[in-house]
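Chain residues, written in single-letter form:
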Amino acid sequence: MDYVNVPDTPARKGKLCRLVVVSLGLLCILQVILSISLRLALYSKTAKNLTEEENSLKRKLNVFDLYTQQGWVYFGGSFYYISPFKKSWSDSREDCLQRGADLVIISSREEQNFIRQFRGYIWIGLTDTEEEGTWKWVDGTVLNKRFWETGEPNTFGGTDEDCGEVKPREEENNWNDTHCENENYWICEKIVDL
Ligand code: 2F8
Ligand code: CA
């Protein structure tokens, strides 16, 4: 095969040089455009995430304010309401239900110690009215932690003691079974996802 040997004229060299310069220039411009686009995308994603996080925090703060202004106290994922006066166990529970909550369910030592701060004879969401001797919380679950006072529950003197109260005691174990018709203070609990 015959190759035609094209001579490298100055005009031809200049053309090649321009082509290389223009190509490099285009590459640089493309790189700048890509870099700016990526930075903008990242910025707008970060800004969006920050706005979502800010809105979620604002919502949580509003919920927190709403409850605390009505006298609820926050502890470990729940709000607690301590009554200013006394009622029977059923009437106390009714009050909690009206507030969109229920009588407190104590499911850990931390929660028991939190509840112990409120000194008085106070109803908790514990009862064995369904089946004598089978103590259940108001949500139908059986006890996983027990903080009965020594000798309790005892259905004292053979009388019906079907409702659980906490007593104002120094000891951690301060639960007692007593008559549901007694009038006590009560604590409502509302689990809130903050
Ligand atoms: O000593 C414990 C005992 O104390 C009281 O009875 C004397 C309580 N009675 C009421 O609360 C009505 C019992 O429940 C308790 O076991
Ligand atoms: Ca008792």
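Please refer to the structure higher up on the page.
Residues numbered from 1 in each chain as written. Chains lettered and ligands numbered in written order. Predicted model: local features only at pLDDT ≥ 70, side-chain atom pairs only at ≥ 80, totals over all residues. Heavy atoms only, no water.

Grouped together as the largest cluster of nonpolar side chains are 33 residues, with contacts concentrated most on Ile115, Ile124, Leu126, Trp137 and Trp175. Elements with a minimum of two residues in this core: strand E2 (78–82), helix H2 (89–98), helix H3 (109–115), strand E4 (122–127), strand E6 (163–166) and strand E8 (185–191). (Core = buried A, V, L, I, M, F, W, Y, C linked by side-chain atoms within 4.5 Å. Buried < 20%, exposed > 50% of the residue type's maximum accessible area, 1.4 Å probe, protein only. Helix = DSSP H or I, 4+ residues; strand = E, 2+ residues; numbered from the N terminus.)

Once that is clear, we can look at unusual backbone geometry. Here the residue pair Glu152 and Pro153 is connected by a cis peptide bond, since its omega of -5° sits within 30 degrees of zero. Along the polypeptide, Pro153 turns up in the loop between strand E5 (136–137) and E6. One non-glycine residue, Thr155, adopts positive backbone phi at about 45°. Counting through the fold element by element, Thr155 comes out in the loop between E5 and E6.

Let's shift gears to the environment of Lys145. Tracing the backbone through its elements, the reader meets Lys145 in the loop between E5 and E6. In this structure, Lys145 is in contact with Ser107, Ser108 and Trp175, ignoring residues within four places of it in sequence. (Contact = heavy atoms within 4.5 Å.)

Quick look at the environment of Leu38 now. Looking at the element boundaries, Leu38 is found in helix H1 (residues 10–69). Taking the C-alpha atoms as reference, Leu38 lies 42 Å from Pro10; in sequence the two are 28 residues apart.

Function-wise, these values are silent; they only describe arrangement.
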